[in-house]
Amino acid sequence: DVEDVDVYDFDGADTDIDAAIRLFASATVVIGVHGAGLANILWCTPENTRLVIELGFKHAQVRHYEHLASSLGLSYHRFFLESHPAAFAAKFVDVSQDTIDHVVSAVRQAIILSSPSLVMATDNNNIMRRREFFPHSNNNKNDDG
């Protein structure tokens, strides 16, 4: 069950490159808001990382991490943030309870057969307001494909 999950709140500004490489190379699941912190999935491997989840936007121009994950052979899901005009430059972003439920379901499915470690990729310009990641499960998906 999810109480056995190790969760790491990653901030690249506070982490040296060697520690970041070790953390992402060993992550079972990576969850991050669209931003520079997600570039660290470059260090993930399909053998260790079961899922990359991006909390992102509904714009065709912001599929960077989807393409990177695909190139690395990583399973990827994007869940949409609640949009507003300043979302790209916002210090905080809003995550709906419905999206949190979908993320929780995807994470639970990804970690069923693994010894999980969960990395929250953030950076100084993109911090999530809600951190209730395991309130309850829902089997629906909220992505574009």
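Up top you'll find the structure we're talking about.
So, a few notes on the structure that sits alongside this text. Computed from a predicted model, the values in this text were never measured in an experiment.

**As for the overall build of the protein**
Counting its secondary structure elements, the protein contains three helices and seven strands. Of the regular secondary structure in the protein, the N- to C-terminal order runs β-α-β-β-α-β-β-α-β-β. Within the span of the protein, comprising 145 residues, buried residues form 46% of the whole. Relative to all contacts within the protein whose residues are 6 or more apart in sequence, the contacts with residues 24 or more apart total 70%. For the protein, the accessible surface area stands at approximately 7,500 Å², while carbon and sulfur atoms represent 50% of it.

**Description of the pattern of salt bridges**
By the definition in use, this model includes one salt bridge. Taking the shortest distance from any N to any O, the salt bridge between Glu-66 and Arg-63 comes out at 2.6 Å. Taking relative accessible area as the criterion, Arg-63 reaches 24% and is therefore assigned partly exposed.

**What about the environment of Gly-35?**
Considering the arrangement of structural elements, one finds Gly-35 in the loop between β2 (29-33) and β3 (51-56). Classification of Gly-35 as buried rests on a relative accessible area of 12%. When the C-alpha positions of Gly-35 and Leu-55 are compared, they lie 9.5 Å apart, and in sequence the two are 20 residues distant.

**Thoughts on the environment of Glu-82**
Of note, Glu-82 is situated in the loop between β4 (76-80) and β5 (92-93). Since its relative accessible area comes to 39%, Glu-82 is described here as partly exposed. Linking Glu-82 and Ser-96, residues 14 residues apart in sequence, is a C-alpha distance of 7.0 Å. In contact with Glu-82, other than residues within four places in its own chain, are Asp-94, Val-95 and Ser-96.

**Considering a nonpolar patch on the surface**
On the surface, a cluster of nonpolar side chains totalling about 280 Å² of accessible area is made up of Ile-17, Leu-42 and Trp-43. Turning to its location among the elements, Trp-43 is positioned in the loop between β2 and β3. The class of Trp-43 is partly exposed, set by a relative accessible area of 31%.

**Some remarks on helix α3 (residues 97-111)**
With 15 residues, α3 should cover 21 Å at 1.5 Å per step; its first-to-last C-alpha distance of 21 Å lies within 8% of that length. The buried fraction of α3 is high, at 11 of 15 residues. On its buried side, α3 packs onto β2, β3 and β4.

Conventions used here
Residues numbered from 1 in each chain as written. Predicted model: local features only at pLDDT ≥ 70, side-chain atom pairs only at ≥ 80, totals over all residues. Heavy atoms only, no water. Helix = DSSP H or I, 4+ residues; strand = E, 2+ residues; numbered from the N terminus. Buried < 20%, exposed > 50% of the residue type's maximum accessible area, 1.4 Å probe, protein only. Contact = heavy atoms within 4.5 Å. Areas by Shrake-Rupley, 256 points an atom, 1.4 Å probe, with all protein chains shown as cover. Salt bridge = Lys/Arg side-chain N within 4 Å of Asp/Glu carboxyl O. Patch = residues over 30% accessible without salt bridge, like charges linked within 9 Å, V, L, I, M, F, W, Y side chains within 5 Å. Expected span 1.5 Å × (residues − 1).

Keep in mind these numbers describe shape, not what the thing actually does.
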